[in-house]
Amino acid sequence: MEQKSVIIITGGASGIGKYLAQSLASQGYCLVVTDIQEDSLQILAKEESWTEEQVITARLDVTSPESWQEVIDQTLQKWHRIDVLMNVAGICVPGFIHETPFELIDRHIDINLKGVIYGSKLVAPVMVKQQQGQIINIASLAGVAPVKGMNLYSASKFGVRGFSLAIAHELKTYGVVVSVVCPDAVDTPMLTNLVGYKEAALTFSGGRVLTVEDIGQVILKKALAKKKIEVLYPATRGLYAKLGSFFTGLGGKLTNTLSKKGARKQAKLQGHK
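Residues numbered from 1 in each chain as written. Predicted model: local features only at pLDDT ≥ 70, side-chain atom pairs only at ≥ 80, totals over all residues. Heavy atoms only, no water.

## What about the environment of Glu-52?
- With respect to the element layout, Glu-52 can be found in the loop between helix H2 (38-48) and strand E3 (55-59).
- Residue classification places Glu-52 among the exposed residues on the basis of a relative accessible area of 64%.
- Distance in space between the C-alpha atoms of Glu-52 and Cys-30 is 9.5 Å, their sequence separation being 22 residues. (Helix = DSSP H or I, 4+ residues; strand = E, 2+ residues; numbered from the N terminus. Buried < 20%, exposed > 50% of the residue type's maximum accessible area, 1.4 Å probe, protein only.)

Now the structure itself:
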């Protein structure tokens, strides 16, 4: 029987990465599920009854090229190829720039942007040699239109989106597909942590918050299966984001209105009137 594709997933201990790992493992894919939180990965593997024949869990510090290389070497040693890399790991800490400590600048760029670049750079030669493969990078609608109070996250996700679209053209010649997925707010531990930040009001200004299953299925169906280069979800919010980015001069009043809407939703989520 033909072996299923070999997929590396970052940020696999929680949120979107966890959902993707669970879904793909249930479909028989060969997985390397990684995260900085190794203990959480081991608990997940035990809960899911994953076998080492199908799923490897590994600690990965996405900010370290050496850590990346170890995971790639481990994958190749076991399965001799890498078919898909899913860059999911990320952080978000809201704040206004005049109040932002320097260390938060480094953390956002190192994890959200350089982590994606490192992984893509190190897996690309493997896929080019194979003459096939796919890199799926998770950005955000905050990487399509700037988000007040989320300047570092927005900057890092603009970078992920721009980088992904650029290398998509570079690697296409070699049979390697690059996809970037830009979701609206998703109900993950990261989003839960934003509820108490007034700076994050715009994040809560949309309609229904997406579930990990919502965006997980979009990633699996539109990026992995259909190999779309760019996926904005929901599509309507994605269109608004592109229009807002294009007509930047019109965004001020709308931003204030949406911020007030988001603040009301935050208060409701915190149990306030």
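So much for the structure itself; the text now carries on.
## Observations regarding the packing of aromatic side chains
- Tallying each qualifying case throughout the model produces 0 aromatic pairs.
- Here Lys-4 stacks its cationic end above the ring of Tyr-29, 4.8 Å away from the centre of that ring.
- Positioned over the ring face of Trp-79 is Lys-78, at 5.4 Å from the centre of the ring. (Phe/Tyr/Trp six-rings, centres within 6.5 Å; stacked < 30°, edge-to-face > 60°. Lys NZ or Arg CZ within 6 Å of the ring centre and 35° of its normal.)

## Section: the side chain of Lys-157
- Residue placement: Lys-157 occurs in helix H5 (residues 151-172).
- In this structure, Lys-157 is buried with no salt-bridge partner, the nearest side chain bearing the opposite charge being Asp-35 at 13 Å.
- Excluding anything up to four places from it in sequence, Lys-157 contacts Asn-112, Ile-138, Ala-139, Ser-140, Ala-142 and Gly-143. (Lys, Arg positive; Asp, Glu negative; His and termini not counted. Salt bridge = Lys/Arg side-chain N within 4 Å of Asp/Glu carboxyl O. Contact = heavy atoms within 4.5 Å.)

## Section: a positive patch on the surface
- On the surface, Lys-221, Lys-222, Lys-226 and Lys-228 cluster together into a patch of positive charge.
- Its location among the elements puts Lys-221 in helix H7 (residues 212-225). (Patch = residues over 30% accessible without salt bridge, like charges linked within 9 Å, V, L, I, M, F, W, Y side chains within 5 Å. Areas by Shrake-Rupley, 256 points an atom, 1.4 Å probe, with all protein chains shown as cover. Charge placed at Lys NZ, Arg CZ, Asp CG, Glu CD.)

## A closer look at the pairing of strand E4 (residues 84-87)
- In E4, alternate side chains face the same way, and those of Val-84 and Met-86 on one face and Leu-85 and Asn-87 on the other are all buried.
- By the bridge criterion, 3 bridges tie strand E1 (residues 6-9) to E4 in an arrangement that is parallel. Within E4, the position partnered with Ile-8 by the bridge is Leu-85.
- Bridge count between E4 and strand E5 (residues 133-138): 4 bridges; the pairing is parallel. Opposite Val-84, over in E5, you have Gln-134 as the bridge partner.
- Once the chain exits E4 it traverses helix H4 (residues 102-130) before rejoining the sheet at E5, and the crossover so formed is right-handed. (Pairing = 2+ DSSP bridges. Right-handed = clockwise from strand over helix to strand, strands pointing away.)

## Points about the sheet that holds strand E2 (residues 30-35)
- Ordered in space as E3-E2-E1-E4-E5-E6-E7, the 7 strands form an open sheet in which the pairing is parallel. With one partner strand each, in any of the chains shown, E3 and strand E7 (230-233) form the two edges of the open sheet. Adjacent strand axes in the sheet meet at a mean angle of 15° when their direction is disregarded.
- For E2 and E3, the ladder comprises 5 bridges, and the chain directions are parallel. Bridging across to E3, Val-32 finds its partner in Ile-56.
- Across the sheet, H5 touches E5, strand E6 (176-183) and E7, and the angle it forms with E6 is around 160°. (Axes fitted to C-alpha atoms, helices over the stretch in contact; angles between N-to-C directions.)

Note that all results are geometric; they support no functional claim without further evidence.
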